[in-house]
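Observations on chain architecture
For reference, the chains in residue letters:
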Amino acid sequence: MSLSSCLEYLPQTWWLHIGDRPKKNVLVCGYLDEFSLKFLSEISQSVFLFSCDLTMTPKNNLTLVEKGELKNYEYDSIIINQYSNEALLTKIDLFFLINNFLGENGTVCLYEHSESFYSLFRKPFHVLLNIFYDRRKYEFEVNTNMKYIKHFETISYGNRPHESHINGVYFTNKNTFLLKEKFKSYLFNSPFSRLFTNTSIWVMCKKNTCPNMLNKLEQFVQSTPDIPWEGSKPEIIKIYYKSGKIIFSLTSRRGSQPEYIVVIAFNAASILQRDNEKKIINYLQKKPQLSSYVCDYYFDAKFGNSKIYLMTELSGVTVDIDNNNLMVMTERAVAVLNVFTKLTILVDRNEFLSDLLQSYIAILKKRLPDYLSDILLIEGYIKKSNIQSIPSVFMHGDMKLENFVLDKTNHIAGLIDFELSEIEGFPLLDLLYLITYNLQTRKGYDFSHAFWALFKNKTQLYEQNLVNNYCNQYMLSSNQKKLLLVVFFMHHYSQRSKINVHFEKELLEIESSLKCVKEIINLAAG
């Protein structure tokens, strides 16, 4: 079995190749996005940034350096983005850096422009030469001491190469996006791919084998006999990175139908979320009327310095957020939400819910120190409010249509992503999230605009009816609805939203949301 063989067409990502082995020094030359820098920060003692246009303020182990300072260290990994700035390093600089300052087990990842279709078209013989002969690879072989040199052609959108065929950006139609990416994968797997690409990704190592994470994942799968496979040859069909974790989709089925989801969690926050998901799935599996909505196999283990989680992938397709039948799908989702609520509702959980609210308050104080007076106002309102009569219910915490799985008849067969779920949470919040995501899809609203729309009843009539029916069914009064709207704000900004205080747009969104909260509190006070 070789998990890596199925990824030959992919311009494999640098973070996959450098693996999760702790690094002492890592060098980044040129632009790298915030998520990637966070990942490097998580697994490295020091990250040195040269000519890197930061989207966040340097802190902790991220250090800006000048060109003359590059020779002061030995590096475990070097990542160079020449695509965003071709004058960043000359050929001599590049070869000198690789040969003299890369550690014995080091890895280099280089992004650069490939020859354009236009330039090749003007040189017909050059076209054939480029298809069957890689001159640039020959340059690296002659001028560096690299034993392993791998070349990937890809397409760049902006100043960052498109690395993986599943990169987490689905635009508005996920299923169409995945179809395009599948076609692109076949194109990249042909020798003619160079005629249609604009970017080269080079991965180089001093040893004959690259210490990539696929090797380690393959060893894990082979050494875990408890994993039941349908076929004999598991392979990877999807892979992408999200903050703090790498997500794989594995299968041994014919036709590349997904069989398992594997998540490798790197930081404490990601591990905590995945451990919570495991607890939630174990709880739901014991509920006969709810067990069919969740995966039936969940396994976790230590994975080097990280933790790995493996679960069965539910059979079906996730809801397309560009679906023309948005109202029908929303109503079906609410029907499933009601099933969960009726089977898990508990009364007299005042103490538990109060503790939950206090945890939200504590996080908000830490995340939003500049708005402490507003947070204290919310805290005072919460203490004065009557939460004794509010029941606790199972709360998904991130309920959106994309987290529902459909069967062949377009009916809901499952629910995924329980990282933020609570066995005993607040009623109504999941429905508010569902409508909020609809507003984001339908009108492009950010959270604050959606929050105002919910408060002012500026949503579609059927959505208003869903909220009213829910409140009537579970006997939530008008004042309790206002309280739960405030709790909705607290949950979003303490549990879900990744606030970046350096972005003015995000601060304006928070301020607008706080203004709405204060209006709700004033209205509740009469």
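Structure report, in brief. Just so you know, these numbers come straight off a predicted model, no measurement behind them. (Residues numbered from 1 in each chain as written. Predicted model: local features only at pLDDT ≥ 70, side-chain atom pairs only at ≥ 80, totals over all residues. Heavy atoms only, no water.)

1. Quick word on helix α15 (residues 461-473)
The end-to-end C-alpha separation of α15 is 18 Å, in line with the 18 Å expected for 13 residues at 1.5 Å each. Looking at α15, one finds that the buried residues are Y462, E463, Q464, L466, V467, Y470 and C471. In this fold, the buried residues of α15 make contact with α10 (326-344), α13 (429-443) and α16 (478-496). Backbone geometry just after α15 places M475 at a positive phi near 55°. (Helix = DSSP H or I, 4+ residues; strand = E, 2+ residues; numbered from the N terminus. Expected span 1.5 Å × (residues − 1). Buried < 20%, exposed > 50% of the residue type's maximum accessible area, 1.4 Å probe, protein only. Contact = heavy atoms within 4.5 Å.)

2. Details of the pattern of salt bridges
Across all of its chains, the model carries 16 salt bridges by this definition. Its salt-bridge partner being K67, residue D93 comes within 2.9 Å of it at the nearest N-O pair. Note that D93 is positioned in helix α3 (residues 91-101) and K67 in the loop between β3 (62-65) and β4 (75-81), a separation of 26 residues in sequence. Relative accessible area serves as the criterion here: at 25%, D93 is assigned to the partly exposed category. The exposure class assigned to K67 is partly exposed, which follows from its relative accessible area of 38%. With a shortest N-O distance of 3.2 Å, K518 and D374 are connected by a salt bridge. Here K518 is found in helix α17 (residues 504-525), whereas its partner D374 is found in helix α12 (residues 372-384), with 144 residues between them in sequence. Taken together, the shared-partner salt bridges connect K245, R274, E277 and E419 into one network. (Salt bridge = Lys/Arg side-chain N within 4 Å of Asp/Glu carboxyl O.)

3. Section: the packing of α13 against α16
Axis separation between α13 and α16 bottoms out at 10 Å; the angle between their running directions is 70°. Classified by the angle between their axes, α13 and α16 sit roughly perpendicular to one another. Across the interface between the two elements, L429, L432, Y433, T436 and Y437 of α13 pack against L484, L485, V487, F488, H491, H492 and R496 of α16. Classifying every residue of the contact of α13 with α16 by side-chain character gives eight nonpolar, three polar and one charged. (Axes fitted to C-alpha atoms, helices over the stretch in contact; angles between N-to-C directions. Parallel < 35°, antiparallel > 145°, perpendicular 65-115°, else oblique. Nonpolar A, V, L, I, M, F, W, Y, C, P; charged D, E, K, R; others polar.)

4. As for the nonpolar core
Membership of the largest hydrophobic core comes to 84 residues, with the highest contact counts inside it found for I378, F404, F426 and M490. Counting residues per element, this core draws most heavily on α16, at nine residues. If we skip the residues at most four places from it in the chain, F426 touches L353, L356, L357, Y360, V393, M395, L484 and V487. Counting 24 residues, the second largest nonpolar core, distinct from the first, contains F50, V65, L89 and F95. (Core = buried A, V, L, I, M, F, W, Y, C linked by side-chain atoms within 4.5 Å.)

5. Some points on the packing of α13 against α15
Interaxial distance between α13 and α15 falls to 11 Å at its minimum, and their mutual angle equals 175°. Relative to α15, the element α13 lies roughly antiparallel. Together, L431, I435, N438 and R442 of α13 and Y462, E463, L466, V467 and Y470 of α15 make up the contact between the two elements. Of the residues that constitute the contact of α13 with α15, the class distribution is six nonpolar, one polar and two charged.

6. Regarding the pairing of strand β9 (residues 199-205)
Of all seven residues making up β9, seven are buried, and the element is well covered by its neighbours. Where burial is concerned, the two faces of β9 agree: the one with T199, I201, V203 and C205 and the one with S200, W202 and M204 are both buried. Note: strand β5 (residues 102-113) against β9, seven bridges, orientation antiparallel. What sits directly across from T107, in β9, is C205. (Pairing = 2+ DSSP bridges.)

In short, geometric facts, not functional conclusions.
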